[in-house]
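Descriptive analysis of the structure
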Amino acid sequence: MAIELSEQEIIRREALQQLRQMGINPYPNEGYPITHYAKEILDNFNEDTEFFNDVYIAGRIMSRRIMGGASFIEIQDSTGRIQVYIKQDDICPPNDNSFYQIVFKKLLDIGDIVGIHGFVFRTKMGEITIHAKELKLLAKCLRPLPIVKEKDGKTYHAFTDPEQRYRNRTLDLIVNPHVKDIFRIRTKMVQSMRDFLNQKNFMEVETPILQPIYGGAAARPFKTYHNTLDTSLFLRIADELYLKRLIAGGLDAVYEFAKDFRNEGMDRFHNPEFTQMELYVAYKDYYWMMDTVEEMLEHICMSIHGKADITVGENIISFARPFERISLFDAIKKFTGFDISNMDESELIEIAKKLDIDIDGITGKGKIIDTIFGEKVEPHLIQPTFIMDYPIEMSPLAKKHRSKPGLVERFELIVNGKELCNAYSELNDPIDQRNRLEEQLRLRQLGDEEAMILDEEFLSAIELGMPPTAGLGIGIDRLAMIMTNANSIQEVIFFPQMAPERKAIAMESESLKSIGVPDIWIPLLTESGIVTPNDLLDTNANKILNNLGGLRKKHKISEPLPSKEDVENWIAKAKELSQK
RNA sequence: GGCAAUGUAGCUCAGUAGGCAGAGCACAUCCCUUUUAAGGAUGGGGUCCCGGGUUCGAGCCCCGGCAUUGUCACCA
């Protein structure tokens, strides 16, 4: 059973048939010999040169202004839009204007993809335009497009509903060309990061996404199942433990662009699957890593924007080196006035109360400190700032600080009020590591769902000896948000996770047939909200008859209504079906 | 999960004492050989999110749902 088509879709399908009847293939097999793109023509056209006397260009029709014997259309290709002038006599053979009058004027629509062969000129209005000598349909578009129009920087009829845009990213990319730019910047960002790392001879590697034990971060995982092995597997929440095993194996510097998966809340900073770049380098410590991060981010910003500063929301953020470095306790002192460096848990709770921070349900020194930081400090750190030296409780994989007891050598980089990087001097003392993971196990037994799991294979690698190592994780999506001035993570992910669409769809109406509903009534039942036999269970025959009656009138169907017995039969069969 | 806003034509949105459901674009028909967000004219298109209630009468008021968005909470 076909989904009901809108009037506009029906018109386009009829046009498709008519094109075929006229011997025009709406979906030709052969390619189109493109020689130019819209942007290069617009940027470089000049009446004095002969560069653009013979151009082939292809793209989507985005607007049409049709007159008797000549028309203007706008073509959008991957680089932008350009106007095309179509003159009847130029695209038709002598004495037969049907290609212009019928094919072009009646059978082509906004959204169709066409190839244009012609020459470039400038109209009286000054618009750089391609004068078409040939127009070829390359692909017919069967759905109407929301048409976005712009004039003088003002946008009319924009396709802006975030839900529609993310659910139908294809359409979003077609009608909102600036969306492409966001993703071009993202790609360029990743490329320049990769170039930077490769130039230093770091080795790009791949490690498992399906892991028997998940680790390397504190988060709830997605769980799946392997049939042949008859075992549970998890989608990775981080690749840290595997990369460190490679370091122990003698690969001195490894990195991975990793899709990680965390089964947690979603908001404008969190998507269930997200991308992280993790980097581990042997014989280095976290000071070295801070230098490297500074150098890398400056390099990336320069290669994308040609300068080290960038506007994000209301702020201008500068990635010019060096970044500010401050310890966690100093930062809290700076922003709250309290020195909490030597406090125990009950004193910290007092401070939290004084600062009017809600710590209900939060226990443990580490988490309280983190909450105070998150509330009172983090949002104020707009310029890139390294926060150093975290309490040991929060960091089971980081090395104890060389001089500050109770702390570890860890830093986070905060940019625009949000964590961007997390890095340590990696813990390589196997005994210490085992103790810390056992402590995590204990927390887990006390109900901390995010405490880490003890991974024997990882520990055995550390026991073989891992050199002193600096490790880094950097959130690629969040960096992309900053680099593109995006307000939400969904803007920088092509296909962000969405709640399933709840609308009932007529696809399943086949099943109504199986309980004896004649074809003619199925669309009407669907329209009244009855899509599957199950929907019939909680209703009664009279109500259905009423609905059908109303819709029958609306759709002017001459077929007599089914009898009440018929409807009762459907319901009876639906009940049978549901009991199977 | 809390709070708030929103839900009307394919798209963007108007719509108030509660009194025939609207505009622009898109679409269709006709006229026009250089238009500029859209040349001109005419026309088709609606479950006003769903279900109850108040009322002679509900897109609008009340109650209950659903969905979406934003925000907070949760999430190193």
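Remember, predicted model here, so these are calculated numbers, not experimental data.

Further remarks concern the overall build of chain A. For chain A, the helix and strand inventory stands at 19 helices and 20 strands. Here chain A, with 580 residues, has 45% of them falling under the buried criterion. Of all intrachain contacts in chain A linking residues separated by at least 6 positions in sequence, the fraction that spans at least 24 positions is 63%.

Across the sheet, 8 strands lie side by side as β8-β12-β13-β20-β19-β18-β17-β16; this open sheet has mixed pairing. Both edges of this open sheet fall to β8 (203–204) and β16 (324–327), since each of them pairs with a single strand only. Of the pairings in the sheet, the one linking strand β18 (residues 407–415) to strand β19 (residues 418–425) comprises 6 bridges and is antiparallel in character. Within the sheet, the bridge partner assigned to Arg410 lies in β19 and is Tyr424. The strands touched by helix α9 (residues 286–305) within the sheet are β13 (273–282), β16, β17 (385–391), β18, β19 and β20 (469–475), with β20 carrying the most contacts at an inclination of about 35°. The strands that helix α10 (residues 328–336) touches are β16, β17 and β18; relative to β16, the one it contacts most, it runs at about 95°.

A word on the packing of aromatic side chains. In this description, a pair of aromatic rings is defined by centroid distance and the angle of the planes. A complete count under the given rule lists 15 aromatic pairs for this structure. By the ring-pair criterion, three or more aromatic residues cluster together here, those being Phe72, Tyr85, Phe119 and Phe121. The aromatic ring of Tyr390 is capped on one face by Arg410, whose charged end is 4.6 Å from the ring centroid. The ring of Phe269 carries Lys418 above its face, with NZ or CZ at 4.4 Å from the centroid.

A few words on the pattern of salt bridges. Tallied over the entire structure, the rule returns 32 salt bridges. For Lys244, the salt bridge goes to Glu426, with nearest N and O atoms at 2.6 Å. Here Glu426 lies in the loop between β19 and α13 (430–445) and Lys244 lies in helix α8 (residues 240–248), a separation of 182 residues in the sequence. Since its relative accessible area comes to 0%, Lys244 is described here as buried.

What follows concerns a negative patch on the surface. On the surface, a cluster of negative charge is made up of Asp356, Asp358, Asp360 and Glu375. With respect to the helices and strands, Glu375 occurs in helix α12 (residues 365–376). Using a relative accessible area of 48% as the deciding quantity, one classes Glu375 as partly exposed.

Spatially, β1-β2-β3-β5-β4 is the arrangement adopted by the 5 strands of the closed barrel, whose pairing is mixed. Pairs of neighbouring strands in the sheet enclose a mean axial angle of 55°, with direction left out of account. Of the pairings in the sheet, the one linking strand β1 (residues 55–66) to strand β4 (residues 113–122) comprises 6 bridges and is antiparallel in character. From the neighbouring strand, Val55 faces β4, where its bridge partner is Gly118.

Before going further, it helps to examine α8. Taken together, the buried positions of α8 are occupied by Glu240, Leu241, Tyr242, Leu243, Lys244 and Ile247. Its buried side turned inward, α8 meets β9 (210–211), β12 (253–261), β13, β19, α14 (456–463) and β20. Of the residues one or two after α8, Gly250 is the one with positive phi, at around 105°.

With that out of the way, let us pick up the environment of Gly406. Mapped onto the secondary structure, Gly406 falls in the loop between β17 and β18. If near-sequence neighbours (up to four positions away) are discounted, Gly406 is found in contact with Tyr390, Pro391 and Ile392.

Met193, Met277, Leu297, Phe319, Leu472 and Ile474 are the most contacted members of the largest nonpolar core, which has 51 residues in total. Among all residues touching Phe319, those that are not within four sequence positions of it are Leu297, Glu298, Cys301, Ala308, Ile310, Pro384, Val415, Ile482 and Met483. Ile357, Ala398, Phe458 and Met466 belong to the second largest nonpolar core, which has 41 residues in total.

Moving on, we get to the environment of Asp181. When you line up the elements, Asp181 lands in helix α7 (residues 178–199). What makes Asp181 partly exposed here is its relative accessible area of 39%. Expressed as a C-alpha distance, the spacing of Asp181 and Thr79, which sit 102 residues apart in the sequence, is 9.9 Å.

Now for unusual backbone geometry. Cis geometry is adopted by the peptide bond preceding Pro322, which originates at Arg321 and carries an omega value of -10°. The residue Asp389 is not glycine, and still its phi comes out positive at about 70°. Backbone geometry at Asn485 places phi at a positive 60°, although glycine is not the residue there. The exposure class of Asn485 is partly exposed, given its relative accessible area of 39%.

With that settled, the discussion passes to the side chain of Asn428. Mapped onto the fold, Asn428 is located in the loop between β19 and α13. A polar contact is formed between the side chain of Asn428 and the side chain of Lys399, at a distance of 3.0 Å. When sequence neighbours within four positions are dropped, the list of residues in contact with Asn428 reads Lys399, Ile462, Met466, Pro467 and Pro468.

With that settled, the discussion passes to helix α4 (residues 98–107). For α4, the complete set of buried residues consists of Tyr100, Val103, Phe104 and Leu107. Angular distribution of buried residues about the axis of α4 spans 145°; they occupy a single face of the element. Residues of α4 that are buried sit in contact with α1 (7–21), β1, β2 (70–77), β3 (80–87), α3 (88–91) and β5 (128–139).

Quick look at the environment of Gln276 now. Relative to the assigned elements, Gln276 resides in strand β13. Distance in space between the C-alpha atoms of Gln276 and Ile130 is 45 Å, their sequence separation being 146 residues. Those residues in contact with Gln276 that sit more than four places away from it in its chain are Ile237, Glu256, Phe257, Ala258, Asp260, Arg262, Gly473, Ile474, Gly475 and Ile476.

Basis of the calculations
Residues numbered from 1 in each chain as written. Chains lettered and ligands numbered in written order. Predicted model: local features only at pLDDT ≥ 70, side-chain atom pairs only at ≥ 80, totals over all residues. Heavy atoms only, no water. Helix = DSSP H or I, 4+ residues; strand = E, 2+ residues; numbered from the N terminus. Buried < 20%, exposed > 50% of the residue type's maximum accessible area, 1.4 Å probe, protein only. Contact = heavy atoms within 4.5 Å. Pairing = 2+ DSSP bridges. Axes fitted to C-alpha atoms, helices over the stretch in contact; angles between N-to-C directions. Phe/Tyr/Trp six-rings, centres within 6.5 Å; stacked < 30°, edge-to-face > 60°. Lys NZ or Arg CZ within 6 Å of the ring centre and 35° of its normal. Salt bridge = Lys/Arg side-chain N within 4 Å of Asp/Glu carboxyl O. Patch = residues over 30% accessible without salt bridge, like charges linked within 9 Å, V, L, I, M, F, W, Y side chains within 5 Å. Areas by Shrake-Rupley, 256 points an atom, 1.4 Å probe, with all protein chains shown as cover. Lys, Arg positive; Asp, Glu negative; His and termini not counted. Charge placed at Lys NZ, Arg CZ, Asp CG, Glu CD. Core = buried A, V, L, I, M, F, W, Y, C linked by side-chain atoms within 4.5 Å. Polar contact = N/O pair within 3.5 Å; in protein donor to acceptor, adjacent residues only side chain to side chain. Arc of directions from axis to C-beta.

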